[in-house]
Amino acid sequence: AQSVTQLDSQVPVFEEAPVELRCNYSSSVSVYLFWYVQYPNQGLQLLLKYLSGSTLVKGINGFEAEFNKSQTSFHLRKPSVHISDTAEYFCAVSETTDSWGKLQFGAGTQVVVTP
Amino acid sequence: NAGVTQTPKFQVLKTGQSMTLQCAQDMNHEYMSWYRQDPGMGLRLIHYSVGAGITDQGEVPNGYNVSRSTTEDFPLRLLSAAPSQTSVYFCASRDRTSGVETQYFGPGTRLLVL
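Small disclaimer: the values here were computed from a predicted structure and weren't measured.

Rules and cut-offs
Residues numbered from 1 in each chain as written. Chains lettered and ligands numbered in written order. Predicted model: local features only at pLDDT ≥ 70, side-chain atom pairs only at ≥ 80, totals over all residues. Heavy atoms only, no water. Helix = DSSP H or I, 4+ residues; strand = E, 2+ residues; numbered from the N terminus. Polar contact = N/O pair within 3.5 Å; in protein donor to acceptor, adjacent residues only side chain to side chain. Contact = heavy atoms within 4.5 Å. Phe/Tyr/Trp six-rings, centres within 6.5 Å; stacked < 30°, edge-to-face > 60°. Buried < 20%, exposed > 50% of the residue type's maximum accessible area, 1.4 Å probe, protein only. Lys NZ or Arg CZ within 6 Å of the ring centre and 35° of its normal. Salt bridge = Lys/Arg side-chain N within 4 Å of Asp/Glu carboxyl O. Disulfide = S-S within 2.5 Å.

1. Remarks on the side chain of H47 of chain B
All names here are of chain B. If you trace the backbone, H47 turns up in strand 5 (residues 42-51). For H47, the side chain forms a polar contact with the main-chain oxygen of D56, separated by 3.4 Å. H47 has contacts with S33, W34, D56, Q57, G58, P61, Y64, N65, V66, F74 and L76, leaving out every residue within four places of it along the chain.

The following block contains the structure:
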């Protein structure tokens, strides 16, 4: 079974500053990796995904993430945040051998952007 | 398309009461699932379905029942609510031929069990 660890429960950041959200996973098989964002009182929205190929993936709203297989990490970054990036961010994995594709989520990281 | 809809948005129950959380999608998706979201624990899979008449248990199925009589609907039933079921519940759906990343999430139902 896989597991996901998001190392920071909350990340305060000033507007226009960079932000990095850390995600580590464990799995006995290869995985697909995802980052989701949840704005207040809304459902989850996919930010970006790693399925195969280039380890640097770009998503919506200027976010990007890098898959590091040796360190089993999939950290999310944005070079300059906006107030509107205030949200909760979830890292998730799905084992490639799972035909249904069950998602295992991390606990989430709350990003608070202040002026 | 309305996407994935969930009703009610909010609900307060007393311990021991029963209720059904409704989930519907109009995208003709075969796969549907229910998650619960608790602080510090992310989303956990309760039950899922790969098509009408087929359901299976996820990570935290105890205390919940599901059925899938139509492609569109996937209700989640709490037969005897407990305070531990206080949570936010999300329904999701996706097409069978699409990858897991194409899941569409509903807006959620906030449940408080007293």
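Once the structure has been displayed, the description carries forward.
2. Some thoughts on the packing of aromatic side chains
By convention here, two paired aromatic rings are described through the distance between centres and the angle between planes. A complete count under the given rule lists 10 aromatic pairs over all chains for this structure. Measuring from ring centre to ring centre gives 5.7 Å for Y36 of chain A and F105 of chain B, while their planes differ by 80°; the resulting arrangement is edge-to-face. Residue Y36 of chain A is located in strand 5 (residues 31-38), and its partner F105 of chain B is located in strand 10 (residues 104-105); the two belong to separate chains. Here Y36 of chain A and F105 of chain B have matching classes, each one buried. With centroids separated by 5.8 Å and ring planes inclined at 65°, the aromatic side chains of Y64 of chain B and Y89 of chain B adopt a geometry described as edge-to-face. Separated by 25 residues along the polypeptide, Y64 of chain B in strand 7 (residues 64-66) and Y89 of chain B in strand 9 (residues 87-94) bring together distant segments of the chain. Y64 of chain B sits in the buried class, given a relative accessible area of 4%. One aromatic cluster in this structure is built from F34, Y36, F90 and F105 of chain A together with Y35 and F105 of chain B. Here the guanidinium or amino end of R68 of chain B rests over the ring plane of F74 of chain B, the centre of that ring lying 5.9 Å away.

3. Details of the pattern of salt bridges
All names here are of chain A. For the coordinates displayed, the defined rule picks out eight salt bridges over all chains. Residue E20 pairs with R77 through a salt bridge whose shortest N-O separation is 3.5 Å. Of this pair, E20 sits in strand 3 (residues 19-21) while R77 sits in strand 9 (residues 73-78), and the two are 57 residues apart along the sequence. Owing to a relative accessible area of 38%, E20 belongs among the partly exposed residues under this scheme. The exposure class of R77 is partly exposed, given its relative accessible area of 24%. K78 is the salt-bridge partner of D85, the closest N and O atoms lying 2.8 Å from each other.

4. Some thoughts on the state of the cysteines
Scanning the model with the defined rule gives two disulfides over all chains in all. C23 of chain A shares a disulfide with C91 of chain A; S-S distance 2.0 Å. In this structure the cystine formed by C23 of chain A and C91 of chain A twists about its S-S bond by roughly -65°; its chirality is therefore left-handed. Here the residue C23 of chain A occupies a position in strand 4 (residues 23-26), and C91 of chain A occupies one in strand 10 (residues 87-95), the gap between them amounting to 68 residues. For the pair formed by C23 of chain A and C91 of chain A, the shared burial category is buried. Two residues, C23 of chain B and C91 of chain B, share a disulfide whose sulfurs are 1.8 Å apart. Measuring the twist about the S-S bond at about -70°, one finds the C23 of chain B-C91 of chain B disulfide to be left-handed. Of this pair, C23 of chain B sits in strand 3 (residues 19-25) while C91 of chain B sits in strand 9, placing them 68 residues apart in sequence. Judged by relative accessible area, which is 1%, C23 of chain B ranks as buried.

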